[in-house]
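# Results of the structural survey
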Amino acid sequence: MGRRRRRGREPGYVWWIAFGALVVAAVLLGAWRLALIALLAWCLYEFSLIPTVCRVMTRQGFACHEHVRGRLYACSSTHQQVKNDALWRSAGLRNPFRRASAPDPNRDTGVVVYSPAVRARLAQSDRVIVTLAGAGSLVAIAGAILGLVRP
Ligand SMILES: [Zn+2]
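Everything quoted here is computed from the prediction, not taken from an experiment.

About the thresholds
- Residues numbered from 1 in each chain as written.
- Predicted model: local features only at pLDDT ≥ 70, side-chain atom pairs only at ≥ 80, totals over all residues.
- Helix = DSSP H or I, 4+ residues; strand = E, 2+ residues; numbered from the N terminus.
- Core = buried A, V, L, I, M, F, W, Y, C linked by C-beta atoms within 7 Å.
- Buried ≥ 20, exposed ≤ 12 C-beta atoms within 10 Å, placed from the backbone.
- Contact = placed C-beta atoms within 7 Å.
- Axes fitted to C-alpha atoms, helices over the stretch in contact; angles between N-to-C directions.
- Left-handed = near helix turned anticlockwise from the far one by under 90°.
- Nonpolar A, V, L, I, M, F, W, Y, C, P; charged D, E, K, R; others polar.

## Structural notes on unusual backbone geometry
In this model, Arg55 sits at a positive phi of 60°, which is unusual for a non-glycine residue. Mapped onto the fold, Arg55 is located in the loop between strand 1 (51–53) and strand 2 (67–69).

Next up, the structure:
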């Protein structure tokens, strides 16, 4: 992190070594707070730091292969919008932040039909990990509150 090496990306295992070290330290020290920090760090990593690809599905069924950081993020604002919608939908909600000014994909203009080239679908692995990381964040927050209440 910090300075960017020419769109450089560290290999994924660097992160796992760091998480592994944190978990091992937590176990050795018997420090559940450290384990909590490791969990939270992993969630943040999956959400916003992991070197991955956009993977927004196009209507043709191809996955976008632009490089991005974080499973919550996409390569462009249009893909980001699709991804946001998909994330909300996988939580069983409609995206409350969807801009009303966005062109209606179903409008019938006859001439210039804005047809979204992309459909709001998340890759299965992304959905699973984002769900896990979301649950992990909740656990970490609950643990932190518990730790404050009962030191
Ligand atoms: Zn993309």
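## Examining the nonpolar core
Counting residues in each nonpolar core, the largest one holds eight residues, listed as Leu36, Ala38, Leu39, Trp42, Cys43, Val130, Ala133 and Ala140. Elements represented by at least two residues in this core include exactly helix 2 (32–49) and helix 4 (124–149). Residue contributions to this core peak at five residues, all from helix 2. Once residues within four sequence positions are removed from consideration, Ala38 is found in contact with Phe19, Leu22, Val23 and Ala26. Ranked by size, the runner-up nonpolar core spans seven residues in total, among them Val56, Val68, Ala74 and Val82.

## Quick look at the environment of Trp15
Assignment of secondary structure puts Trp15 in helix 1 (residues 12–29). When the C-alpha positions of Trp15 and Ala41 are compared, they lie 10.0 Å apart, and in sequence the two are 26 residues distant.

## As for the packing of helix 2 against helix 4
The packing of two helices is summarised by the inter-axis angle and the distance between the axes. Interaxial distance between helix 2 and helix 4 falls to 9 Å at its minimum, and their mutual angle equals 145°. The element helix 2 and its partner helix 4 pack so that their crossing is left-handed. Within the contact between the two elements, helix 2 uses Arg33, Leu36, Leu39, Leu40, Trp42, Cys43, Glu46 and Phe47 and helix 4 uses Ile129, Ala133, Gly136, Ser137, Val139, Ala140, Gly143, Ala144 and Gly147. Split into classes, the residues belonging to the contact of helix 2 with helix 4 amount to 11 nonpolar, four polar and two charged.

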